[in-house]
Amino acid sequence: MMLVDIPKILDERGNLSFIEKGVHLDFDIQRVYWIYDVPGGEIRGGHAFYEQEEVIIALSGSFDVILHTGEEEKRFSLNRSYKGLYVPKMLWRSMENFSTNAVCLVLASTFYKAEDYIRDFDEFKKIVNQ
Ligand code: TYD
């Protein structure tokens, strides 16, 4: 995982940011989704993906992304619309501490496929330790 610096075009009329394939991310974006209106205290995304890679951006507000390799975890606090968090496949990830009005944008490398999810943490640990 790594933080991606997204260009920020400062402008008195309002700022603008953009992401280009091959420059700021390596995969083809197949799907974009966003999470919003998260009630205080809720946790999203407790799972891993077999195939999906993604970049997560706090388009508005803030939240934490917790990434777990099966052995150790790392917490990233996202609160800038010009920082992306690249999440490779096969990492357990959850999101929490959503601020009011937080918008979590996810750029994903695959179409939605329920079979790509690993939703049981013990099963995830078994798979990565094989
Ligand atoms: P899920 O990925 O479990 O949410 P999160 O990881 O943020 O907690 O998705 C929640 C529900 O939405 C689940 O029933 C599947 C559905 N869904 C789609 O239909 N398409 C999508 O692109 C996504 C991300 C989810």
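Everything below is about the structure printed above this text.
Residues numbered from 1 in each chain as written. Predicted model: local features only at pLDDT ≥ 70, side-chain atom pairs only at ≥ 80, totals over all residues. Heavy atoms only, no water.

Asks: Explain empty space enclosed by the protein here, please?
Replies: Which parts of space are left empty comes out when a probe the size of a water molecule is rolled across the atoms. Considering all chains together, one arrives at one cavity of 30 Å³ or more under this definition. Taken as a whole, the largest cavity spans an internal volume of roughly 40 Å³. Surrounding the largest cavity, F49, Q52, E54, V87, P88, K89, M90, L91 and R93 form its lining. Looking at the lining of the largest cavity residue by residue, the class counts come to five nonpolar, one polar and three charged. (1 Å grid on protein atoms, 1.4 Å probe; cavity = no way out; pocket = protein on both sides within 12 Å on 5 of 7 lines; lining within 4 Å. Points joined across faces, edges and corners; volume = space filled by probe spheres on them. Nonpolar A, V, L, I, M, F, W, Y, C, P; charged D, E, K, R; others polar.)

Asks: I tried to follow the environment of E53 on my own but got confused; where do I start?
Replies: Relative to the assigned elements, E53 resides in the loop between β5 (44-49) and β6 (54-60). E53 sits 38 residues away from L91 along the chain, and the two C-alpha atoms are 9.6 Å apart. In contact with E53, not counting residues within four places along its chain, are F27, Y86, V87, P88, K89, L107, A108 and S109. (Helix = DSSP H or I, 4+ residues; strand = E, 2+ residues; numbered from the N terminus. Contact = heavy atoms within 4.5 Å.)

Asks: Help me understand the nonpolar core, please; the structure alone is not making it clear to me.
Replies: Counting residues in each nonpolar core, the largest one holds 21 residues, and the members touching the most others are I56, F63, V65 and C104. Taken together, the elements giving at least two residues each to this core come down to β4 (31-35), β6, β7 (63-68), β8 (73-78), β9 (83-87) and β11 (103-108). Look past the residues within four positions of C104 in its chain and what remains in contact with it is Y33, W34, I35, I56, I57, F63, M95 and F98. If you look at the next biggest cluster of nonpolar residues, it comprises nine residues, including I57, Y86, L105 and L107. (Core = buried A, V, L, I, M, F, W, Y, C linked by side-chain atoms within 4.5 Å. Buried < 20%, exposed > 50% of the residue type's maximum accessible area, 1.4 Å probe, protein only.)

Asks: Even after reading the chapter, I still don't get the layout of surface pockets, so can you show me in this structure?
Replies: If you add up the space inside the largest pocket, you get close to 150 Å³. If you go around the largest pocket, the residues you meet are Y33, W34, I35, Y36, R44, G45, H47, F49, R93 and Y117. Element by element, the count of residues in the lining of the largest pocket is highest for β5, at four residues. Looking at the lining of the largest pocket, its residues break down into six nonpolar, two polar and two charged.

Asks: Is there a simple way to explain a nonpolar patch on the surface in this structure?
Replies: Residues I29, V32, W34 and Y36 make up a contiguous nonpolar surface patch of about 410 Å² in total accessible area. On the basis of relative accessible area, I29 is assigned to the partly exposed category, the value being 38%. (Patch = residues over 30% accessible without salt bridge, like charges linked within 9 Å, V, L, I, M, F, W, Y side chains within 5 Å. Areas by Shrake-Rupley, 256 points an atom, 1.4 Å probe, with all protein chains shown as cover. Salt bridge = Lys/Arg side-chain N within 4 Å of Asp/Glu carboxyl O.)

Asks: Which parts of the structure should I look at to understand the packing of aromatic side chains?
Replies: We describe a pair of aromatic rings using the distance from one ring centre to the other and the angle between the two ring planes. Across all of its chains, the model carries seven aromatic pairs by this definition. Centre to centre, the rings of F121 and F124 are 5.9 Å apart; their planes meet at 35°, and the pair counts as tilted. Residue F121 and its partner F124 are both found in helix α1 (residues 121-128); the two are separated by three residues, about one turn of the helix. Relative accessible area serves as the criterion here: at 26%, F121 is assigned to the partly exposed category. Taken together, the aromatic side chains of F49, Y112 and Y117 make up a single cluster linked through ring pairs. (Phe/Tyr/Trp six-rings, centres within 6.5 Å; stacked < 30°, edge-to-face > 60°.)

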